[in-house]
Amino acid sequence: MTDLELPGITSSSRPRAARPPRHWADLDGAQRRDEVVGSGLPAFRADQISRRYFGQDDAEPDAWSELSVPLRRDVGDRLLPPLLTEVAAQSCDGGDTVKSVWRLTGGALVESVVMAYPKRVTACVSSQAGCGIGCPFCATGQQGLTRNLTTAEIVEQVRMARRLASSGAFAGSPDHLTNIVFMGMGEPLANYRALVAALHRILDPQPLGFGMSARNITVSTVGLVPRMLQLAEEGMPVTLALSLHAPDDELRDTLVPINHRWPVTEVLAAADAYAASTGRRYSVEYALIRDINDQPDRARELGRILSGRLTHLNLIPLNPTPGSPWTAADPDVQEEFVHLVREQGVAVTVRDTRGREIDGACGQLAAALED
Ligand code: SAH
Ligand code: SF4
């Protein structure tokens, strides 16, 4: 008997976070076989289901002719419960950017975005509903953390993006999803176990997973140092993006509050260690905010601390969030900033601002819908 079944203790007097049901994508290969064999089916059924799910991005067993009708129902009900309900979808950039807001089990909203370019189609996915880090320029940070996403909730965002990319929606772009960035809502390394399991589903060769290439997957973090070092040892050389936003601890303490725990020198050292053990260059993210972190001195300091490292700098013009006085740096200030950093031998790109008109940055559309 669990606590919840004790007389007099109801679920309303002991609230329990609504957890999503277990899903095929939560299970690794061995667990999927165990699940199938435990239901009295031959083990090869596990590969058949995975081939549908990971190979064809199909989670609707009704049409799976290789399975008997009762088996299809059983599989659908038990192993492929719907986890994401689309509550809004918006597109902009001539249809090349599509943002979806999903309702999760328990009601929380998260979002993902698919962006089509001439040579790639990128999905930006969420790892948490809300975020507990609380960066003051970020819409998600203002919401606080509702809960971690499960592995399957992350994988389902990827599957939906793959379906969209393969549907012919993006003329002039590859006809399939090529890249994934963990730059939606949440701090992926704060949901480490689900993240790593989701990365396995994304990278494992078919039929075990989607079989995507590690170099095309980017995990963005504010710098949870022990988790960065752990990720380096997982044998999955995904690209790391470090959200720095300031070269000095005084300012970074205010922009990325967890800097109090892991300051600039430590997060950069951890990113270097990641690069050394994976052989992968990392990127440093820097949201340029007018009169906050866009001064020439900061540009010089940033160039100084990044020069000689296996990294490149991604400058992101700030996407203003509702209720915040902060806005993007002036274009000429931005240009000077880029110049001063480049002068120190650091590679710099200015990130395009896809999806601005649909509340493109981190959590803004979902945040607007929560109101
Ligand atoms: N929590 C992780 C990943 C999600 S945020 C992280 O912070 O790295 C993804 C990126 O969007 C981060 O680099 C973050 O700093 C940036 N971002 C958040 N809010 C933004 C805003 N209003 N304008 C521009 N970039 C923003
Ligand atoms: Fe969380 Fe990233 Fe937003 Fe900071 S920027 S609050 S870590 S999602």
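Residues numbered from 1 in each chain as written. Chains lettered and ligands numbered in written order. Predicted model: local features only at pLDDT ≥ 70, side-chain atom pairs only at ≥ 80, totals over all residues. Heavy atoms only, no water.

> How would you sum up the pattern of salt bridges? Please name residues and give values.
Pairing of side chains with opposite charge becomes possible as their charged atoms draw close. Across all of its chains, the model carries 16 salt bridges by this definition. In this structure, the salt-bridge partner of arginine 163 is glutamate 60, at a minimum N-O distance of 3.6 Å. Taken together, the positions of arginine 163 in helix H5 (residues 151-166) and glutamate 60 in the loop between helix H2 (44-56) and helix H3 (69-79) put the pair 103 residues apart, joining distant regions of the chain. Exposure remark for glutamate 60: the relative accessible area of 47% places this residue in the partly exposed category. The partner of arginine 304 in a salt bridge is glutamate 301, and the shortest N-O contact between them spans 3.1 Å. With arginine 304 and glutamate 301 both in helix H10 (residues 296-306) and three residues apart, the pair spans about one turn of that helix. One salt-bridge network, in which partners are shared between bridges, spans Arg22, Glu35, Asp74 and Arg78. (Salt bridge = Lys/Arg side-chain N within 4 Å of Asp/Glu carboxyl O. Helix = DSSP H or I, 4+ residues; strand = E, 2+ residues; numbered from the N terminus. Buried < 20%, exposed > 50% of the residue type's maximum accessible area, 1.4 Å probe, protein only.)

> How would you summarise the site of ligand 2 if you had to cite specific residues and measurements?
With respect to spatial proximity, nine residues lie near ligand 2, and among them Cys131, Cys135, Cys138, Gly141 and Val222 are the closest. When grouped by side-chain class, the residues that make up the shell around ligand 2 number six nonpolar, three polar and no charged. (Near = heavy atom within 4 Å. Nonpolar A, V, L, I, M, F, W, Y, C, P; charged D, E, K, R; others polar.)

> Pulling in residues and values, what's your account of the site of ligand 1?
By nearness alone, 21 residues border ligand 1, and Gly186, Ser220, Ser243, His245 and Asn319 come closest of all. The contact in question runs from a nitrogen atom of ligand 1 to an N or O atom on the backbone of phenylalanine 137, over 3.0 Å. Take asparagine 319: an N or O atom from its main chain is 2.8 Å from a nitrogen atom of ligand 1. For ligand 1, whose unbound accessible area comes to 530 Å², protein coverage reaches 94%. Grouping the constituent residues of the shell around ligand 1 by class yields 10 nonpolar, nine polar and two charged. (Polar contact = N/O pair within 3.5 Å; in protein donor to acceptor, adjacent residues only side chain to side chain. Areas by Shrake-Rupley, 256 points an atom, 1.4 Å probe, with all protein chains shown as cover.)

> Pulling in residues and values, what's your account of the domain arrangement of the protein chain?
Under the domain assignment used here, the protein chain contains domain 1 (24-78) and domain 2 (83-370). Opposite the 16 residues of domain 1 that make contact, domain 2 presents 14 residues. Approximately 1300 Å² of surface area, both sides summed, lies buried where domain 1 meets domain 2, with 50% of it carried by carbon and sulfur atoms. Put simply, domain 1 and domain 2 have two salt bridges between them. For aspartate 57, the salt bridge is made with arginine 162, and the minimal N-O distance between the two is 2.7 Å. Contributions of two or more residues to the side of domain 1 that touches domain 2 are made by helix H1 (29-38) and H2. (Domains from an automatic or database assignment. Contact = heavy atoms within 4.5 Å. Buried area = accessible area lost by both parts, 1.4 Å probe.)

> Quick one: what's the story with the packing of helix H6 (residues 192-203) against helix H7 (residues 225-232), residue by residue and with numbers?
Two numbers describe how H6 lies on H7: the axes approach to 12 Å, and their chain directions differ by 25°. Taken together, the axis directions place H6 and H7 in an arrangement best described as roughly parallel. As for how H6 packs across H7, the hand of that crossing is right-handed. Of H7, the residues touching H6 (which contributes Tyr192, Val196 and Leu199) are Arg227, Gln230 and Leu231. (Axes fitted to C-alpha atoms, helices over the stretch in contact; angles between N-to-C directions. Parallel < 35°, antiparallel > 145°, perpendicular 65-115°, else oblique. Left-handed = near helix turned anticlockwise from the far one by under 90°.)

> Please give an account of unusual backbone geometry that cites residues and values.
With an omega of 5°, the peptide bond between glutamine 206 and proline 207 qualifies as cis. Mapping proline 207 onto the fold places it in the loop between H6 and strand S8 (217-221). If you check the backbone angles, aspartate 93 has positive phi at about 50° while not being a glycine. Assignment of secondary structure puts aspartate 93 in the loop between strand S1 (85-92) and strand S2 (97-103).

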